[in-house]
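The lines below spell out each chain.
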Amino acid sequence: MITAALATLAFAPLPKLTVKGPDLVDPAGKRVLLKGCNLGNWFVIEPWMLCLSDKFKDQHELEQILTSRFGAEENQRLMDLYRSSWITERDFPSIRSFGMNVVRLPMNYRQFEDDATPFKLRSDAWKWVDKAVYMAEKNGLYTILDMHGVQGGQSAYDHTGRADQNKLWDSPENRKRLAWLWAEIAKRYRTRSAVVAYDVFNEPYGGSKKDQVAVFKQALEAIRKVDPDKMVYAMGNYDDFTHYGSPKPNGWKNVAYQMHYYPGLFGGGDPTVMTHARHLKQLDLIAQQVKEFNAPFLVGEMNVVFKEAGGAGMMRRTFDKHASFGWATTMWSYKALSKEGGIGQASWGMVTNPKPAQIIDFRTASKTEIEEYFRSLATQPYEVYEELRTALTSKRPKLPTLPKLADPISKVPHQDRLAGWTASDIGDSLKGGLKVSNSSFDLYGSGSDIWGRQDQFRYLHHSVSGDFELTATLQSLADVHGYAKAGLMARASLSPSSPCVLLSVFPSGELQLAVRGEEGQEMTGLGKGLKISFPMKLRMTFVKGIVDLHWARPGGDWQKFQTVAVGFTPGYAGVVALSHDNRQLVKASYSDLRLVAVRN
């Protein structure tokens, strides 16, 4: 039994790490920098990592299929067979060979507790986490315990174990169950030096920032009643982590912070070297925020994936950049199957299958075939991502050349006025600026986005009453982020959730129409795909609820872009500047701004 073996380890336990300001230190006071990977798809199955996304949508559905066909006990036996096969003893020396010293262990609350009997541990609650921590420690790897799937789900994504839920935030019982479970985990591992941290919830993107803080505090309080010392991670929102506040004013001990970054995959633009170069620059601003908190920081998930985006060399650059700030990093993921087989031009894993992935349909395959499939995962040969292993362990790695980029602007460079116009920072965006020169001006704006249900950006606006025509020439837009924006906007009010219509331009020169028809409604986008070069002329005409949008090259004829009907009455019209990163400003350069009433 693994549990019994823990009391008499056949190897020396890992040294206990303690928090000292922003660092982790060993018993001799030497800083230890955590560098590792996630053991994804082990305890929370993600169908895409098995190349089976078209066979079942999440682990919940897979277990429903197995239960309906073979019964609950057989489902549990088959799931145990899967868990005994996806990650085995052979994997931990492999992880170490990449120069790593930690694994982040994505867990599923269903391992510990059944929904039918809440607040009661399963008889086998500790079987798999004990085994994982044991195998990791045996190979010199610390473990971060990550609650990847929480009671009710912290978002609607499949990586919670069950898609389309997001029922944590509005359920007092689910919140209480999560806190209770963390207390039980803390009782189990509070004296285990190999467990370096508790990660309360993964990617809590289904809740508001206020809810994220409240649920984290509830779990932290439960943990601290039984474990006063272990490091606990507060996972940020997709855009920021500062809503938790710094540890000292909160009275927190050994609380650390975490973010996940996937530039070129989930935000930031296309998967290119430029996108990653921009991201690495932007990390300087995040580092300033982390420094103010004086607490450890973890990039809990990241991956370049595409070789065209820099591949293994860009991964090394990213690990090194994090390390330069003293940050821990755990890439996603150690193992992922490839449909075609092999590493190829894109890889999510450090190891993968060399031959095409086996495709199995759990609805029709026999029990024997399912058993054979699960067992094969333990013995199938690996193709190792040797380029990545070399890049991460070499003293002189081959690194992609980064384009030279200007340093991020975080302080207002100019604060001029443009006669008849007013500049506003909408949605508590970082204070922007304005530099005016004759008929031209530079609008400096920040903000996370003009999208979703609420906006955050810089707006140079004029009040309107009735129909109007708004024109301007957009000379340039600094390429600080793939989704930075400039362009023309009509808006009902200056509320962050106001109805609006926006003709936006990205740094690539791509145009998009975005509309929010009602207060607080989700914004929708239309008409992407057209790219034109800077400078460009833009025109918005609003007549009786019909918005006509045109563009033109300087000296050229107007070209129709889109027409849309809106159901709100504009109160303001003007131009925007959005950096898509509320830590820095983007410069949008305009000329010939003109607003005239349209008489009918």
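Preceding this paragraph is the structure being described.
Residues numbered from 1 in each chain as written. Predicted model: local features only at pLDDT ≥ 70, side-chain atom pairs only at ≥ 80, totals over all residues. Heavy atoms only, no water.

Trainee: When you look at empty space enclosed by the protein in this model, what are you seeing that I'm missing?
Mentor: Any empty space left between atoms is shown by rolling a water-sized probe over those atoms. Evaluation of the coordinates by the stated rule reveals three cavities of 30 Å³ or more. When contributions to the lining of the largest cavity are tallied by element, the ones reaching two or more residues are β2 (23-25) and β7 (231-235). Here the residues of the lining of the largest cavity are counted per class, giving eleven nonpolar, one polar and two charged. The space that makes up the second largest cavity amounts to roughly 50 Å³. As for the second largest cavity, its lining consists of Asn 303, Val 304, Val 305, Gly 311, Ala 312, Met 315, Met 331, Ser 347, Trp 348, Gly 349, Tyr 385 and Leu 388. Among the elements that make up the lining of the second largest cavity, the one with the highest residue count is helix α10 (residues 311-324) (three residues). Among the residues forming the lining of the second largest cavity, the class breakdown is eight nonpolar, four polar and no charged. (1 Å grid on protein atoms, 1.4 Å probe; cavity = no way out; pocket = protein on both sides within 12 Å on 5 of 7 lines; lining within 4 Å. Points joined across faces, edges and corners; volume = space filled by probe spheres on them. Helix = DSSP H or I, 4+ residues; strand = E, 2+ residues; numbered from the N terminus. Nonpolar A, V, L, I, M, F, W, Y, C, P; charged D, E, K, R; others polar.)

Trainee: Which parts of the structure should I look at to understand unusual backbone geometry?
Mentor: Where the residue is not glycine, phi is negative for most of them; where a peptide bond is considered, it is trans in most cases. Following Trp 332, the chain continues into Ser 333 via a peptide bond in cis, with omega recorded as 5°. When you line up the elements, Ser 333 lands in the loop between β10 (328-331) and β11 (351-352). A cis amide bond links Phe 534 to the next residue, Pro 535, at an omega of -5°. Note that Pro 535 resides in the loop between β22 (524-526) and β23 (536-543). One non-glycine residue, Glu 203, lies in the positive phi region at around 35°. On the secondary structure map, Glu 203 appears in the loop between β6 (195-199) and α7 (209-226). Judged by relative accessible area, Glu 203 falls into the buried class, the value being 8%. (Buried < 20%, exposed > 50% of the residue type's maximum accessible area, 1.4 Å probe, protein only.)

Trainee: Sorry, what's going on with the sheet that holds strand β18 (residues 468-477) here?
Mentor: Strands belonging to one sheet form pairs held by backbone hydrogen bonds; the direction of such a pair is parallel or antiparallel. The strand order β14-β15-β27-β18-β23-β24-β25 describes an open sheet built from seven strands, whose pairing is antiparallel. Only two strands of the sheet have a single neighbouring strand rather than two, namely β14 (433-437) and β25 (559-565). Between one strand axis and the next, the sheet turns through 25° on average, direction left out of account. (Pairing = 2+ DSSP bridges. Axes fitted to C-alpha atoms, helices over the stretch in contact; angles between N-to-C directions.)

Trainee: Would you take a moment to explain helix α11 (residues 367-379) for this structure?
Mentor: For an α-helix, the turn length of 3.6 residues means that residues three or four places apart are oriented alike. With 13 residues, α11 ought to run about 18 Å at 1.5 Å a step, and its terminal C-alpha atoms sit 19 Å apart, in line with that. Along α11, the residues that are buried comprise Ile 370, Glu 371, Tyr 373, Phe 374, Leu 377 and Ala 378. Looking straight down α11, one finds its buried side chains confined to an arc of 160°; they lie on one side. If you follow the buried residues of α11, they end up packed against α2 (59-70) and α3 (72-86). (Expected span 1.5 Å × (residues − 1). Arc of directions from axis to C-beta. Contact = heavy atoms within 4.5 Å.)

Trainee: What is the right way to look at helix α6 (residues 172-189) in this model?
Mentor: The end-to-end C-alpha separation of α6 is 26 Å, in line with the 26 Å expected for 18 residues at 1.5 Å each. Most of α6 sits out of view: 13 of its 18 residues are buried.

Trainee: Hey, could you run me through the side chain of Gln 59 in this one?
Mentor: Mapped onto the secondary structure, Gln 59 falls in helix α2. At 2.8 Å, the side chain of Gln 59 forms a polar contact with the backbone nitrogen of Ile 45. Polar contacts involving the side chain of Gln 59 include one to the side chain of Glu 63, which spans 2.9 Å. Ignoring any residue separated from it by four or fewer positions in sequence, one finds Gln 59 in contact with Phe 43, Val 44, Ile 45, Met 79, Arg 83, Asn 108 and Gly 161. (Polar contact = N/O pair within 3.5 Å; in protein donor to acceptor, adjacent residues only side chain to side chain.)

Trainee: Hey, could you run me through the pattern of salt bridges in this one?
Mentor: Working definition: two side chains of opposite charge can pair if their charged atoms are close together. Using the criterion set out here, one finds 36 salt bridges in the structure. The partner of Asp 164 in a salt bridge is Lys 57, with the nearest N and O atoms 3.2 Å apart. Of this pair, Asp 164 sits in the loop between β5 (142-149) and α6 while Lys 57 sits in the loop between β3 (35-38) and α2, placing them 107 residues apart in sequence. For Lys 57, a relative accessible area of 43% corresponds to the partly exposed category. (Salt bridge = Lys/Arg side-chain N within 4 Å of Asp/Glu carboxyl O.)

Trainee: What is the right way to look at the packing of α6 against α7 in this model?
Mentor: Helices that pack against each other are described as a pair by the angle of their axes relative to one another and the distance between those axes. Where α6 meets α7, the closest approach of the two axes is 8 Å, and the angle between their N-to-C directions is 35°. In this structure, α6 crosses over α7, and the sense of that crossing is right-handed. Here α6 contributes Arg 175, Lys 176, Leu 178, Ala 179, Trp 182, Ala 183, Ala 186 and Lys 187 to the contact with α7, which in turn contributes Asp 211, Ala 214, Val 215, Gln 218, Ala 219, Ala 222, Ile 223 and Val 226. Counted by class, the contact of α6 with α7 contains eleven nonpolar, one polar and four charged residues. (Left-handed = near helix turned anticlockwise from the far one by under 90°.)

Trainee: Got a minute to help me understand the layout of surface pockets in this structure?
Mentor: Looking at the second largest pocket, its volume works out to about 520 Å³. Glu 63, Asn 75, Arg 110, Asp 114 and Arg 122 are the residues nearest the centre of the second largest pocket, which is lined by 26 residues in total. Secondary structure elements with two or more residues in the lining of the second largest pocket: α2, α3, α5 (127-138) and α6. Among the elements that take part in the lining of the second largest pocket, α3 stands out by supplying five residues, more than any other.

Trainee: I'm lost on the sheet that holds β10 in this one. Help?
Mentor: Taken in spatial order, the eight strands line up as β3-β4-β5-β6-β7-β8-β9-β10 and close into a barrel, and their pairing is parallel. Taking the axes of each pair of neighbouring strands and ignoring which way they run, one obtains an average angle of 30° across the sheet. In the packing of α7 onto the sheet, the strands contacted are β6, β7 and β8 (255-261), and the crossing angle to β7 comes to about 175°.

Trainee: Could you clarify how one ought to interpret the pairing of strand β9 (residues 297-302) in this entry?
Mentor: Successive residues of a regular strand alternate their side chains across the two faces of the sheet. Taking burial as the measure, the six residues of β9 include six buried ones, the bulk of the element. Here five bridges tie β8 to β9, and the two strands are oriented parallel to one another. Bridge assignment links Tyr 257 to a residue of β9, and that residue is Phe 297. In terms of handedness, the path from β8 via helix α9 (residues 273-293) over to β9 forms a crossover that is right-handed. Inspection of the sheet shows β9 paired to β10 by two bridges, in the parallel sense. Each bridged residue has a counterpart across the sheet, and for Val 299 the counterpart in β10 is Thr 329. The β-α-β motif built from β9, the intervening α10 and the parallel element β10 has right-handed crossover chirality. (Right-handed = clockwise from strand over helix to strand, strands pointing away.)

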